[in-house]
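Here's the letter readout for the chains.
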Amino acid sequence: KYAKFKDGQWMFKKGTMDNPKKKLAVVSTEVEERIRRAFSPTGYGATLHKFGGGALPGRWHDNFFKVLDVAARVGSGVGSYGVDRFYVLIQGENTEDSTPTELGPIILDVKYQPPGSFRHVVTPSDAAWYDNYFVHSAARVTEAQRKLTAFTDPFTGWILLESEQGEVRPFTVRERSPWKETFNLETLETEEEYAEFMAQVAFTTATSHVRGNVAQVPEDFKNMITLMFQDSSR
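Described below are features of the structure shown in this document. Values in this document were obtained by computation on a predicted structure and should not be read as measured data.

**Regarding the sheet that holds strand 8 (residues 168-175)**
Sheet architecture is open: 6 strands sit in the order 3-4-5-6-8-7, paired in antiparallel fashion. The open sheet has two free edges, formed respectively by strand 3 (24-25) and strand 7 (157-162), since each of these has just one partner strand. Note that strand 7 and strand 8 share 6 bridges and pair antiparallel. If you follow Leu 161 over to strand 8, its bridge partner there is Arg 169.

Given below as structure tokens:
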């Protein structure tokens, strides 16, 4: 859907920012060079979750993580709509073959993670705690994904990219799953069906939070919910 095999190598199908193809557009040479430099054993590689061996995430291999192409991802997202986002095509276990496999080439989704909206309402002491606990927002998002998912994407990590204004910004990295699907809300025809759908989403989200919290202090999540919904008059 997003890439093609041409002149002996894989590359993205991309247009311009004004006329993107598959919501992909070309990036400037400077931006592409910054991204390619970030995909190194001491950059992105140092943020991967360490496990196992072989030519798989967790153990850096220059050939496996070789960057084949970079494109800007535009006009997509929900809560992150409008933020800088890129697709990075890495070789994986593909060896310049025109037939793609599950292990190559691989598309990685690179997305800017701005400070959380909660920063606008917390006290200075809570904000300071957050800044000491997480080096930046991309580290926070990466940690959350690893704790809230039973089968975490092994490509989950982050990179730092410098903007044209010289600001160093954090970007999360994850695989663009070939099996990704979106629920079609148009299939919900009644208010009761929509309410049931939202209840299932809430139940699944709460279950993930509880599961992710068990590894540290099991009662924290339940105590937080109690504090949030307690009777303020008491």
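**Quick notes on a negative patch on the surface**
A cluster of acidic residues, Glu 189, Glu 191, Glu 192 and Glu 193, forms a negative patch at the surface. Here Glu 191 shows up in helix 4 (residues 191-214).

**Quick notes on the pairing of strand 5 (residues 85-90)**
Regular strands show a simple pattern: their side chains alternate between the two faces of the sheet. Counting buried positions along strand 5 yields 6 of 6 residues, so the element is predominantly enclosed. By the alternation rule, side chains of strand 5 split into Arg 85, Tyr 87 and Leu 89 and Phe 86, Val 88 and Ile 90, which are all buried. Where strand 4 (residues 67-73) lies against strand 5, 5 bridges are found, and the strand directions are antiparallel. In the sheet register, Ala 71 faces strand 5, and the bridge partner there is Tyr 87. Pairing analysis gives 6 bridges linking strand 5 to strand 6 (residues 106-112), with the strands arranged antiparallel. When the sheet's bridge partners are listed, Ile 90 is paired in strand 6 with Ile 106.

The rules we used
- Residues numbered from 1 in each chain as written.
- Predicted model: local features only at pLDDT ≥ 70, side-chain atom pairs only at ≥ 80, totals over all residues.
- Heavy atoms only, no water.
- Pairing = 2+ DSSP bridges.
- Helix = DSSP H or I, 4+ residues; strand = E, 2+ residues; numbered from the N terminus.
- Patch = residues over 30% accessible without salt bridge, like charges linked within 9 Å, V, L, I, M, F, W, Y side chains within 5 Å.
- Areas by Shrake-Rupley, 256 points an atom, 1.4 Å probe, with all protein chains shown as cover.
- Salt bridge = Lys/Arg side-chain N within 4 Å of Asp/Glu carboxyl O.
- Lys, Arg positive; Asp, Glu negative; His and termini not counted.
- Charge placed at Lys NZ, Arg CZ, Asp CG, Glu CD.
- Buried < 20%, exposed > 50% of the residue type's maximum accessible area, 1.4 Å probe, protein only.

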